[in-house]
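So the chains spell out like this:
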There are 2 protein chains.
Amino acid sequence: MFRTHTCGALRLSDISKEVILSGWVQRIRDKGSLLWIDLRDRYGITQIFLEEGVSSPELFNEARELGREYVIRVKGTVVERESKNPNLPTGDIELRPASLEVLNGSKTPPFTIEDKSDGGDELRMKYRYLDLRRNPLKENLKLRHKLALETRSYLDSQGFLEIETPYLIKSTPEGARDFVVPSRMNPNEFYALPQSPQTFKQILMVAGYDRYFQVVRCFRDEDLRADRQPEFTQIDCEMAFVTQEEVLNTFEGMARHLFSKVKGIDIGDFERMDYASAMKLYGSDKPDLRFGMAFEELNDLAKNHGFKVFDDAELVVGIKAEGCAEYTRKQLDALTDFVKRPQVGAKGLVYVKINADGSIKSSVDKFYSAEVLQSWADRFDAKAGDLLLMLSGDANPTRKQLNELRLEMGNQLGLRKADVFKPMWVTDFPLLEWDEDSKRYYAMHHPFTSPKPEDIALLEADPGKARANAYDMVINGVEIGGGSVRIHDRDLQRKMFSILGFTDEEAQNQFGFLMNAFEYGAPPHGGIALGFDRLTAMFAGLDSIRDVIAFPKNNSGRDLMIDAPSRIADAQLEELYLSLKPAKADKS
Amino acid sequence: MFRTHTCGALRLSDISKEVILSGWVQRIRDKGSLLWIDLRDRYGITQIFLEEGVSSPELFNEARELGREYVIRVKGTVVERESKNPNLPTGDIELRPASLEVLNGSKTPPFTIEDKSDGGDELRMKYRYLDLRRNPLKENLKLRHKLALETRSYLDSQGFLEIETPYLIKSTPEGARDFVVPSRMNPNEFYALPQSPQTFKQILMVAGYDRYFQVVRCFRDEDLRADRQPEFTQIDCEMAFVTQEEVLNTFEGMARHLFSKVKGIDIGDFERMDYASAMKLYGSDKPDLRFGMAFEELNDLAKNHGFKVFDDAELVVGIKAEGCAEYTRKQLDALTDFVKRPQVGAKGLVYVKINADGSIKSSVDKFYSAEVLQSWADRFDAKAGDLLLMLSGDANPTRKQLNELRLEMGNQLGLRKADVFKPMWVTDFPLLEWDEDSKRYYAMHHPFTSPKPEDIALLEADPGKARANAYDMVINGVEIGGGSVRIHDRDLQRKMFSILGFTDEEAQNQFGFLMNAFEYGAPPHGGIALGFDRLTAMFAGLDSIRDVIAFPKNNSGRDLMIDAPSRIADAQLEELYLSLKPAKADKS
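Residues numbered from 1 in each chain as written. Chains lettered and ligands numbered in written order. Predicted model: local features only at pLDDT ≥ 70, side-chain atom pairs only at ≥ 80, totals over all residues. Heavy atoms only, no water.

Novice: Can you explain the overall build of chain A? Please cite residues and give values.
Specialist: Scanning chain A from terminus to terminus reveals 17 helices and 23 strands. Overall, chain A is about 90 × 80 × 60 Å in size when its C-alpha atoms are taken along their principal axes. When burial is assessed residue by residue, chain A has 57% of its 588 residues classed as buried. Partitioning the contacts of chain A with sequence separation of at least 6, the portion at a separation of at least 24 is 65%. (Helix = DSSP H or I, 4+ residues; strand = E, 2+ residues; numbered from the N terminus. Buried < 20%, exposed > 50% of the residue type's maximum accessible area, 1.4 Å probe, protein only. Contact = heavy atoms within 4.5 Å.)

Novice: Can you explain the environment of W24 of chain A? Please cite residues and give values.
Specialist: Along the chain, W24 of chain A falls in strand β1 (residues 18-30). Residues W24 of chain A and A63 of chain A, spaced 39 residues apart in sequence, show a C-alpha to C-alpha distance of 13 Å. In terms of polar contacts, W24 of chain A uses its side chain to reach the backbone carbonyl oxygen of G521 of chain B, at 2.9 Å. (Polar contact = N/O pair within 3.5 Å; in protein donor to acceptor, adjacent residues only side chain to side chain.)

Novice: Account for the environment of L578 of chain A, with residues named and values stated.
Specialist: When you line up the elements, L578 of chain A lands in strand β23 (residues 578-580). The sequence separation of L578 of chain A and I267 of chain A amounts to 311 residues, and the corresponding C-alpha distance is 54 Å. If we ignore the near neighbours within four places in the chain, the residues touching L578 of chain A are P182, F190 and L573 of chain A together with L578, S579, L580 and K581 of chain B.

Novice: So what's going on with the domain arrangement of chain A? Which residues, and what values?
Specialist: In many analyses, interface size is given as the accessible surface area lost on bringing the parts together. Entries for chain A in the domain assignment read domain 1 (12-104), domain 2 (293-412) and domain 3 (423-524). Between the C-alpha centres of domain 1 of chain A and domain 2 of chain A the distance comes to 63 Å. (Domains from an automatic or database assignment.)

Novice: I'd like a description of the relation of the copies chain B and chain A, backed by residues and values.
Specialist: Superposing chain B onto chain A takes a rotation of 180° combined with a translation of 0.0 Å along the rotation axis, leaving an RMSD of 0.1 Å. Classification of the inter-copy transformation places it as that of a two-fold axis. Taken together, the interface assignments show that 99% of the residues at the interface of chain B recur at the interface of chain A, consistent with an identical surface on both copies. (Least-squares fit on C-alpha atoms with pLDDT ≥ 70 in both.)

Novice: Give me the interface of chain B and chain A: which residues, what numbers.
Specialist: Contact with chain B, which involves 128 residues of that partner, is made by 127 residues of chain A. With both sides pooled, the region where chain B packs onto chain A buries about 11,700 Å², and carbon together with sulfur makes up 58% of that total. The largest per-residue losses of area from chain B upon contact with chain A belong to E164, F241 and Y520 of chain B, which jointly make up 7% of the total buried on that side. Our count for the contact surface shared by chain B and chain A stands at 20 salt bridges. (Buried area = accessible area lost by both parts, 1.4 Å probe. Salt bridge = Lys/Arg side-chain N within 4 Å of Asp/Glu carboxyl O.)

Novice: An account of helix α16 (residues 532-540) of chain B is requested, with residue identities and associated values reported.
Specialist: Residue and element names in this part refer to chain B. Most of α16 is tucked away, with seven of its nine residues classed as buried. Among the residues of α16, those classed as buried are F532, D533, L535, T536, A537, M538 and F539. Those residues of α16 that are buried lie in contact with α4 (135-157), β10 (231-240), α6 (244-263), β20 (470-475), β21 (478-485) and β22 (525-531). A positive phi of about 75° marks G541, the residue just after α16.

Novice: Residue-level account of the sheet that holds strand β20 (residues 470-475) of chain A, with values.
Specialist: All names here are of chain A. With respect to topology, eight strands assemble into an open sheet ordered β6-β9-β10-β22-β21-β20-β17-β11, the strand pairing being mixed. Lying at the two open borders of the sheet, with one neighbouring strand each, are β6 (161-162) and β11 (271-274). Pairing of strand β10 (residues 231-240) with strand β22 (residues 525-531), which is carried by seven bridges, proceeds in the antiparallel orientation. Across the sheet, E238 pairs through a bridge with G527, a residue of β22. Those strands touched by helix α7 (residues 275-282) are β11 and β17 (423-427), and its axis lies near 90° from that of β11. (Pairing = 2+ DSSP bridges. Axes fitted to C-alpha atoms, helices over the stretch in contact; angles between N-to-C directions.)

Novice: Would you mind going over the side chain of D472 of chain A in detail, with residue names and values included?
Specialist: Residues and elements named next belong to chain A. Tracing the sequence through the fold places D472 in strand β20. The side chain of D472 is buried and forms no salt bridge, while K286, the nearest opposite charge, is found at 7.4 Å. Setting aside anything within four residues of it in sequence, one finds D472 in contact with M424, W425, V426, F429, E479, G481, G482 and G483. (Lys, Arg positive; Asp, Glu negative; His and termini not counted.)

Novice: Which residues make up the pattern of salt bridges, and what values go with them?
Specialist: All names here are of chain A. Taken as a whole and judged by the stated rule, the model has 114 salt bridges over all chains. K308 serves as the salt-bridge partner of D312, at 2.4 Å between the closest nitrogen and oxygen. Residue D312 is classed as exposed on the basis of its relative accessible area, which comes to 54%. Of the residues examined, K308 reaches a relative accessible area of 56% and is grouped as exposed.

Novice: Let's hear about empty space enclosed by the protein: which residues, and what values?
Specialist: Summed over all chains, the structure comprises twelve cavities of 30 Å³ or more. Empty space within the largest cavity amounts to approximately 320 Å³. Around the largest cavity sit 25 residues that line it, and R152, E162 and V215 of chain A together with R152 and V215 of chain B are the ones nearest its centre. Those elements that provide at least two residues to the lining of the largest cavity are α4 (135-157) and β9 (211-219) of chain A together with α4 and β9 (211-219) of chain B. (1 Å grid on protein atoms, 1.4 Å probe; cavity = no way out; pocket = protein on both sides within 12 Å on 5 of 7 lines; lining within 4 Å. Points joined across faces, edges and corners; volume = space filled by probe spheres on them.)

Novice: With reference to specific residues and values, describe the packing of aromatic side chains.
Specialist: The description of an aromatic ring pair uses the distance of the two centres, along with the angle that the planes make with each other. Taken as a whole and judged by the stated rule, the model has 61 aromatic pairs over all chains. Here F448 of chain B and F511 of chain B contribute two aromatic rings whose centre-to-centre distance is 5.3 Å and whose plane-to-plane angle is 85°, an arrangement assigned as edge-to-face. Of this pair, F448 of chain B sits in the loop between β19 (440-443) and α13 (458-461) while F511 of chain B sits in helix α15 (residues 504-517); the two residues are 63 residues apart in sequence, bridging distant segments of the chain. Grouping residues by exposure puts F448 of chain B and F511 of chain B together as buried. The ring of Y442 of chain A has R440 of chain A sitting right over it, with the charged end atom 3.6 Å from the ring centre. (Phe/Tyr/Trp six-rings, centres within 6.5 Å; stacked < 30°, edge-to-face > 60°. Lys NZ or Arg CZ within 6 Å of the ring centre and 35° of its normal.)

Novice: Account for the sheet that holds strand β15 (residues 360-362) of chain B, naming residues and giving values.
Specialist: All names here are of chain B. In space, the five strands of this open sheet follow the order β12-β13-β16-β14-β15, with antiparallel pairing throughout. This sheet does not close on itself; its edge strands, each paired only once, are β12 (296-297) and β15. Sheet strands touched by helix α11 (residues 370-379): β12, β14 (350-354), β15 and β16 (387-393). Its angle to β15, the strand with the most contacts, is close to 95°. The sheet strands contacting helix α12 (residues 395-412) are β12, β13 (315-321) and β16, and the helix crosses β13 at an angle near 10°.

Novice: Break down the pairing of strand β18 (residues 432-435) of chain B for me, with residues and values.
Specialist: All names here are of chain B. Pairing of β18 with β19, which is carried by four bridges, proceeds in the antiparallel orientation. Among the inter-strand pairings, W434 is bridged to a residue of β19, identified as Y441. Where β18 folds back onto β19 in an antiparallel hairpin, the turn is made up of four residues, including K439, whose phi is positive at roughly 50°.

Novice: Describe in detail the packing of helix α14 (residues 490-499) of chain B against α15 of chain B, supporting the description with residues and values.
Specialist: Residues and elements named next belong to chain B. For the pair α14 and α15, the least separation of the axes is 11 Å and the interaxial angle reads 135°. Our classification of the angle between α14 and α15 gives oblique. At the point where α14 passes α15, the crossing takes the right-handed sense. Side by side, α14 and α15 meet where Q493, R494 and F497 of the first sit next to D504, A507, F511 and M515 of the second. (Parallel < 35°, antiparallel > 145°, perpendicular 65-115°, else oblique. Left-handed = near helix turned anticlockwise from the far one by under 90°.)

Novice: Which residues make up the confidence of the model for chain A, and what are the values?
Specialist: For residues with low pLDDT, the predicted coordinates do not support detailed interpretation. On average, residues of chain A carry a pLDDT of 94, and 99% of them reach 70 or more. Note on the complex model: pTM 0.95, ipTM 0.95. (pLDDT = per-residue confidence, 0-100.)

Novice: So what about unusual backbone geometry? Which residues, and what values?
Specialist: The step from A564 of chain A to P565 of chain A runs through a cis peptide bond, and the omega angle for that step is 0°. Its location among the elements puts P565 of chain A in the loop between α16 (532-540) and α17 (570-575). Positive phi is not limited to glycine here, since N188 of chain B has a value of about 70°. One can find N188 of chain B in the loop between β7 (180-182) and β8 (190-192). We classify N188 of chain B as buried; its relative accessible area is 5%. Positive phi is not limited to glycine here, since D428 of chain B has a value of about 60°. Along the chain, the position of D428 of chain B falls in the loop between β17 (423-427) and β18.

Novice: So, the packing of α4 of chain A against α16 of chain A: which residues are in play, and what are the values?
Specialist: Residues and elements named next belong to chain A. In contact at an axis separation of 10 Å, α4 and α16 are set at 120° when each is read in the N-to-C sense. As far as their axial angle goes, α16 and α4 are oblique. Our pair here, α4 against α16, has a crossing hand that is right-handed. Counting all contacts with α4, which are made through N140, L143, R144, L147 and A148, the residues of α16 involved are F532, D533, L535, T536, F539 and A540. Of the residues contributing to the contact of α4 with α16, the split by class is seven nonpolar, two polar and two charged. (Nonpolar A, V, L, I, M, F, W, Y, C, P; charged D, E, K, R; others polar.)

Written out as C-alpha cells, the structure reads:
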C-alpha cells in the first residue's frame, strides 16, 4: 500500500495514528539536529519532521539524500505541531517518520514548482508535466472538470442527450480553414476535422433528438493569435420545437446553474440588449456591463458652433468619467495618446471638466459658451467633479474608438472587478454583412440562421437591414457563446441562398446532405455553442485560455512537450499516396 | 409556442386540457367519417382523432393532405379514448384537434420508420437521420448518454478528474497505423490523431493528477472488420500510488455502479481468473462465464490405448454437454463439421455419450474399454444423459478450438442469455510475446507494462515466462477493457527496452517525452481503458457497435450520409505543400 491518507487529509483528530503518505518532496529544511520535509500531492502538503535523538541517524541520512521532486513513501506517526501553520489545512500536525522510501528520484527541475514560477512560457510548455504540478494550474484543471460535470448535470436535468458526432467528416470550402486527414483506404481522398458539429446537430434535430448537447473538441487551422488554439472545446447545443425565448431561457439557466454550483454566486437575470442598442450605448456587440459609462450622443448640442472637427463629424459622442475632473494635464494627455494609438485610431480627444465649484473647463472653450457646455453636462447628468470625454467622426468607427476608451477608463478606475460577473444577451444581430471586396452579402452567423419574422419582407427590399434571430451570450465584455434560431422552411432557405449569391446547384454541392435531410420533415430548431476554454478562463479569472488547457499549443501550433507536428516516415506517405512539396519558406 | 407537452406526456389526469403538441406524422388511418393520426416525437406517440360532425370538414381536408413524416403542430383538447391501448403510455387518451398546422412537409422516406425497418444497411446509413428516428436507435443513444453520465458521476465521486488531452499529437511508428494531419503552419510536418491518450495519461500521473479519466475519441487507421470503426470512444483512466488490487477494485466498482444505475442489476463481485487458468479451463483469455462447461484434460486417461490420434496429441481435452446424450447422428455430424470449419480448424471430434441407462457409447469404442470410458465420465463428473465432446492435438490450438465448440454448445443450449451478465477479471497476462518472424519479443500490452515483482528475475533467465501486472475486464466473453500497472522504475524500464530489442537511442526517439518526464519524479501508477462503444453495445444487448454510434462509418471507412472522405480543392493541397500520387489500384 502506498498511502493511507493523502497529503491534504491529516488533522488534529488524527493525532497518534500510524499512517502512510506518498508524494513529492516540495522542500527540505535542514538545521542539523532538526530536519523538515514538505511532502506534496494533488491534495495538499504535509510536514515531515525529523529530530535528533528521536529519529535515527539512518533516517536523517536518508532524508539528506532526497532532492526536490523526489517521490517518496513515508510511514510514521501523526503528532501535534509545536508551532502551527494556520495557512495550511494540515498546519496543526506533522508526521514523525518511522521509515522513508524513495519511490523515484528526480533531476533538478528547470524551474521552481511554486505558485509563481520562475520559468518562461516556452520552458514551462516543454516541461508541462512540471508546470502542471503548480497550484494555479491544478486549480484550473479542477475547475474545468467541475464546470464540465455541472454543465452535463444541468443539461441532463433539462432532458438533453449528449450525442457524440464524428471527428472524421467532410471538408467544406466555406468558413475557416479545415484541418484535413488523408484517407489510406480511399486514396487521394481526405476527411476534415470538424470546425464545429453544426451540421450534425441540425441533422440530429431532423432525426428527432429535440434536445442535444455535446462537450466537444473543434478544430480550426487559422493563423494563431495569442489566445487562439488550433483545437478547442465547445459546449454545443441544439433544441427543436422552441422559440428564441426558450433557447435563451434554457442557457441563461445553465449559466446561472454554473455560477451557483461552481462559484456560489447568484448572478440573477441576464440583461438583454439588442445589437443596435449595444452599438449605440457601448460601441460594442459585447459590452462590459460591470460598469455604466454608457455613451451619450451630442450632435444636436455640439454641431454648428464653429468647431470644424465636430461640425464635419457624422457623430459626436462621449462618456462620463465620474469623479475624474481632477485629472491632470498629464493624465488627459495620456488619454489622448491612448485614443490616438493606431490600435484605437481616433484623431483626438475632447474633454469637459465639471469642476468642484460647478464651473466648467473644456479643451474646446473657445468654440462653446458656458451655457452650451452646461447643456452637454446636463445631457450626461454630470455632477461637480465629473469628467466628460468626447470623440467624433464617422459614426461606427467613432463608437468603436469610444468603446476602447470606455474600457480603458473602466480599468483605470478599477470598475472591471475580477469577482463581479455581469452576464447578458445581445440579440437581433444583423442577418447579413456586406462585403465590399466581393460585392456580395455574407451571412453574419451562418447561412442557416433565420431572419426575424417581421424582417422577412426586408430580404427583398433592403437585405442589409434585416435582423436575425441570432444571439450572443456575453459576460463581462467577453463573448462566451453565440447561436441562432435556424431556418427550417425550404423556400426561405432557398431565398437566403440566393441572397448569398448561391445557385441552387452550388447550395446543393456545399450543403447537400443537410439540404437533403431538410426534405424529410425538419422541425423548427435553434441552438447555441459556448466556448468552454473561454468560459473556464472566465471562471478562473484569467484573460488567456492557455492555462485552462492541460496541453496547449504555442502560437505556431506546436506542442513543445511532445515536439509535434513532426516529419513522418516515407512509408507512411507512400501508403497515403502523398508526396511533399518543398515549402516556399524552406531554405534547404 | 410549439408545444405545451411532448407526445409521450399526456395521461388521463390531463383530460379536458387544452394542449399544443408538435411532432412527426407516424401514420394516418382514414375511415371516411373517422380519421386518426399517430403523432410521434422522441418521447412517444399520441393519437389525434377526427370525427365527422365534431371536427370541421376543413380540418379533415387538412389532415388528408398530410403524409408520413410531415412535421405538424396540433392544438386541441385531451379526451378519454373509447378503446384504450394498454401498450402505449398515452394509450388512455387522444387529442381532439381544434387546429392543425404543417410546420414542414416531407418526401416519402425510402424505408419505413418502424422498430423493424425494411431498409438495407447502406440505405439506412445514407439516410441516417431517418434511421435515427426509429425506436431501437433512439433507445441506444439514450442508453449511451446515460452510461456516459453515470461513468462520470461514479469517477467524480471517487476523486477522479476528467482532463482533456490533445487530439493533434505526434505520430509514432510502433503499434497500429496513425491517421495523420498535415500542418500548414509547419510545412511538411504532420500531427497524428491519438490511438489512445496512453502517454498523456502517464504524463498526467507524473504531473501529480493521481486520478485521471476521460471519455475520449480514439483513432486507428486499420483495415476495418465488420465491427471496427476508424474512430471509437474509450473510457480512459489512470491512477497513481495504487496497487493492481486497488485499480481492479475501483473499476469493478464502476462496472457495478453502471449495472446498478442503468440496468437495475446487482452483478455482485467479479470472478478473478489468471490468464493461465483461463486458457486451461476455457481455451480463451475472455471466457464467457454465463455457463460452466469448463475443460477437462484427459491425457492420463486417454493416451496409450492404441488410438493414434490421441497418442500423438500433446493434449486431449473435452467438455461436458449436460443432457445431450440424445444428440442424433446428424447433430453430432454437424458438430464435427463445425469444428472442422477452417475458422475453427480441428481435425475431428470424439464424442462419448452417457446413456440414460448408464451405458456408454463413444466414437472411439474400438480403442477404449467401458472401464476406461467410465473413468473419462468420472473425470467430467458426468451423469446419465450427458455428452462428452473431445478434441486433441497441440495444446494451444486445441484449447482454442475447444473454446469455439464450447461457445457453440452454449448457443445451442441457450446458455448465453442476453439478460444475464457475468463480469470477471482476467489477470497475470504474459509480459511478452515471441514473434517468430522478427525473432524478437513484443510487449503483449505495451512497453511500459510492469512485470509481476516475483517474475522480475525471469526477465534474465526466461523472459517469455514472465507474467505482467496486466488485466482485462471481461463480460460475457467480451473484452470490455484492459490495463496494467506501469513501470515507474527507470532501470527496470531500461531493461524492458533492451529485452524488446531497443537501443537506448531508439527508446529515446520513440518514447522520448515520456522517458524525459520519467526523469522528474514519476510515481507508481497504473490504469485501464474501457471500450465505450463495446460497453454500450453490451448493455443494449447488441453484438455490433454500429447501432450504438450516432453516425458510424462503413467497412471502407466511409460516412455514406455526408459522403466523406472526399477530394479536396487543389488550393488546399497547395497550402499544405502536398501533392497526390495516383493510387496503385486506380484504373484511370
